[in-house]
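Residue strings, one per chain:
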Amino acid sequence: MNFSFNRFGYLLKLQLAVNRKLYLLGIASIAGILLGFMFFLSYVSEFGYESQEFVFATGLILSSAVFSSTIFRQFARTDDRIMAMMLPASAAERLAVALLLAIVFYPFVFILICIPCTLLVNYINLHWNRYESGFYLPVNATALYAFLLNICIQSLVLLGAIWFRRHVFVKSAVAVCLLVFAVVLVNNGSARTMINKSRTAEFYQRDTLYNFDSAVPYYSINLQAHTKVADGMYNIGHYYHVALRPAVQIPFLLIPALILVLLWCVTWMKIREQQL
Amino acid sequence: MISLQHLHFSYRKGRPVLDDVSLSLRPGRIYGLLGRNGAGKSSLLYNICGLLFPQSGKSEVIGFDPSKREPSFLQQIYLLPEVFRLPDMDIAQYLQLFTPFYPAFDHSGFHQYLEVFEIPRNHQLSALSHGQQKKVLIAFAIATRAKVLLMDEPTNGLDIPSKHQFRKVIAGSLAEDQCMIISTHQVKDLDSLIDEVIIMDGTHVILQEPVTRITEKLSFRHVMSLEETEAPLYTEGALKGYAVVAVNRRQEHSRLDMEMFFNAVLLEKKSILPLFKQ
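Keep in mind the model is a prediction, meaning the values are calculated, not measured.

Rules of the game
Residues numbered from 1 in each chain as written. Chains lettered and ligands numbered in written order. Predicted model: local features only at pLDDT ≥ 70, side-chain atom pairs only at ≥ 80, totals over all residues. Heavy atoms only, no water. Core = buried A, V, L, I, M, F, W, Y, C linked by side-chain atoms within 4.5 Å. Buried < 20%, exposed > 50% of the residue type's maximum accessible area, 1.4 Å probe, protein only. Contact = heavy atoms within 4.5 Å. Axes fitted to C-alpha atoms, helices over the stretch in contact; angles between N-to-C directions. Helix = DSSP H or I, 4+ residues; strand = E, 2+ residues; numbered from the N terminus. Parallel < 35°, antiparallel > 145°, perpendicular 65-115°, else oblique. Left-handed = near helix turned anticlockwise from the far one by under 90°. Nonpolar A, V, L, I, M, F, W, Y, C, P; charged D, E, K, R; others polar. Domains from an automatic or database assignment. Buried area = accessible area lost by both parts, 1.4 Å probe. Salt bridge = Lys/Arg side-chain N within 4 Å of Asp/Glu carboxyl O. Polar contact = N/O pair within 3.5 Å; in protein donor to acceptor, adjacent residues only side chain to side chain. UniProt positions renumbered as here; feature names shortened; annotations may be inferred.

Novice: Looking at this model, I keep getting lost on the nonpolar core. Mind explaining?
Specialist: Buried together is how nonpolar side chains tend to be arranged in soluble globular proteins. Ile-77, Phe-110, Leu-218 and Phe-261 of chain B are the most contacted members of the largest nonpolar core, which has 155 residues in total. With sequence-adjacent residues up to four places away left out, Leu-218 of chain B is seen in contact with Leu-233, Val-245, Ala-246, Val-247, Asn-248, Ser-254, Phe-261, Ile-272, Leu-275 and Phe-276 of chain B.

Next up, the structure:
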């Protein structure tokens, strides 16, 4: 793999300089949208801690996806494409710049936009509406999950950005939704198959509904047994969370991380294979 | 320097754009790549610089496989495209951002070429006309000191004085280890500039000959009456009499009229091409 840190630096500088107007405009629009949405939430309900957490996580993922879908925009138009492809930089350097911008640089910028917006709305709520709420800082477990999920989604969007030439965001969003849907189906389906294969005859009780939700095969599974009360009505019943022992959880968690590496490899290959 | 062997390329199956194209190009020469619109000139250039990959055949450019597009290869090859869009910045900033990618970039040369082209130094690129932007890009291309310079219709969009400036800059800039291919259908613009002519027609390269050999084999003359010349291969009506391409039997020296030659080759293939196979 051909990689030079010097060229990586030049490429990063070039990407930021060429798109600086777009990025500044984007920052202003995101700040505007966030403020608008936060004021709307505080108007219809209370802009409490959970609402702030929700706005941060969804805002981060959605706006990151929009940003990531523009990273390879120089490959979209033929005239830009020729100039971009003839620039002496390797596919690895281009991918590294894209990843740095999408999963490090942009989330950092988003934090810098979101925190002042949240502060402002909280301040106004406190002084005008006399509503006091906790101030959300993205340092808890939810924020960590949001960042991790963001890395996965942005990796997919980057692949879409190089794969598709037009309507990149829409096509990438559809691809992400399809993939999430497929993962959920495969997870639950494979979990159900595994449980059904290894169950004993006495395991099942009559008039009991069994669910295998939130299943991550070979890692953890939620087993739910709902007892029938009447036709179509079930008690919440028992709920079991079965997971691997902590000592072996990490290796199994690393397997989904390999999917990320695979996505980056495919993106790298697509950049290498680009033709006019 | 550039070796293409039995290159086949098509955008769609069954519709070849380049069919069994073989070329061998040497350093220190300017090649004029001529052909009608849609003859495959741009596709050939794109295959040489790795923007398109051939379906079959072998291509080697300055010792590299172009389809791998390695940075060390891209540093030594520069394509001036027919259509382009420059970023919204001034010339100094453009230089600051793009020249680090070309280690051999000649800054003083670039400014000299800008002077010849009469381009103000610190203008915003977006404020320049398309022709002026093209001249900035031509100056940049030459200043990269790339071993292979590919120019796709470089004179399109240039006014008449600019075409003269273009010829002046190109003629004085080629080093011995550089090779330049200029693709155009405006063949008159290349008069007295090129060393070797490559003509493409119907997916093939039908002729690759040095200018000296062309004028050795053919004579280009203006005559008042067609009776003044013996069996011309090709004639065109001129303001006073006729412009004639004939076999150079008397070993006369004449100046190559590129446009006449191009038209003659395309219209009288059967009588002209065999002359160069002898």
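Novice: Could you clarify how one ought to interpret the packing of helix H4 (residues 107-116) of chain B against helix H5 (residues 130-143) of chain B in this entry?
Specialist: Describing two packed helices takes the angle between their axes plus the distance from one axis to the other. Residues and elements named next belong to chain B. Where H4 contacts H5, the axes come no closer than 9 Å and their chain directions differ by 150°. It follows from the interaxial angle that H4 and H5 lie roughly antiparallel. The chirality of how H4 crosses H5 is right-handed. For the pair formed by H4 and H5, the contact residues are Phe-110, Tyr-113 and Leu-114 on the first element and Val-136, Ala-139, Phe-140, Ile-142 and Ala-143 on the second. For the contact of H4 with H5, the residue count by class is eight nonpolar, no polar and no charged.

Novice: Teacher, can you tell me more about the side chain of Lys-41 of chain B here?
Specialist: Mapped onto the fold, Lys-41 of chain B is located in helix H1 (residues 41-49). Setting aside its immediate chain neighbours within four residues, Lys-41 of chain B contacts Leu-33, Leu-34, Gly-35, Arg-36, Glu-153, Ser-183, Thr-184, His-185 and Met-200 of chain B.

Novice: Got a minute to help me understand the domain arrangement of chain B in this structure?
Specialist: Accessible area lost upon the coming together of the parts serves often as the stated size of an interface. Residue and element names in this part refer to chain B. Here chain B is described as being made up of domain 1 (2-202) and domain 2 (212-277). Contact residues are listed per partner, giving twelve residues for domain 1 and eleven residues for domain 2. Each partner contributes to the roughly 1100 Å² buried at the junction of domain 1 and domain 2, and carbon and sulfur atoms together form 69% of this total. Looking only at domain 1, the three residues that lose the most surface to domain 2 are Val-187, Asp-191 and Ile-199, adding up to 40% of its buried area. In this assembly, domain 1 and domain 2 are joined by one salt bridge. In this assembly, domain 1 and domain 2 are joined by one residue pair in polar contact (both at pLDDT 80 or more).

Novice: Which parts of the structure should I look at to understand the domain arrangement of chain A?
Specialist: Taken as a whole, chain A is organised into domain 1 (5-166 + 257-272) and domain 2 (186-243). Placing the centre of domain 1 of chain A and that of domain 2 of chain A at their C-alpha centroids yields a distance of 38 Å.

Novice: Which parts of the structure should I look at to understand the UniProt feature "domain: ABC transporter" (unreviewed entry) in chain B?
Specialist: Feature annotation in UniProt assigns "domain: ABC transporter" (unreviewed entry) to the following positions: residues 2-227 of chain B. For the annotated span residues 2-227 of chain B, helix accounts for 28% and strand for 31% of the residues, and the straight-line distance between the end C-alpha atoms is 45 Å.

Novice: Can you walk me through helix H3 (residues 91-98) of chain B in this structure?
Specialist: Note on helix geometry: an α-helix contains 3.6 residues per turn, so any two residues three or four positions apart are oriented the same way. Along H3 of chain B, the positions that sit buried rather than exposed are Ile-91, Tyr-94, Leu-95, Leu-97 and Phe-98 of chain B. Where H3 of chain B is buried, its residues contact helix H1 (5-18) and helix H4 (78-86) of chain A together with H4 and H5 of chain B.

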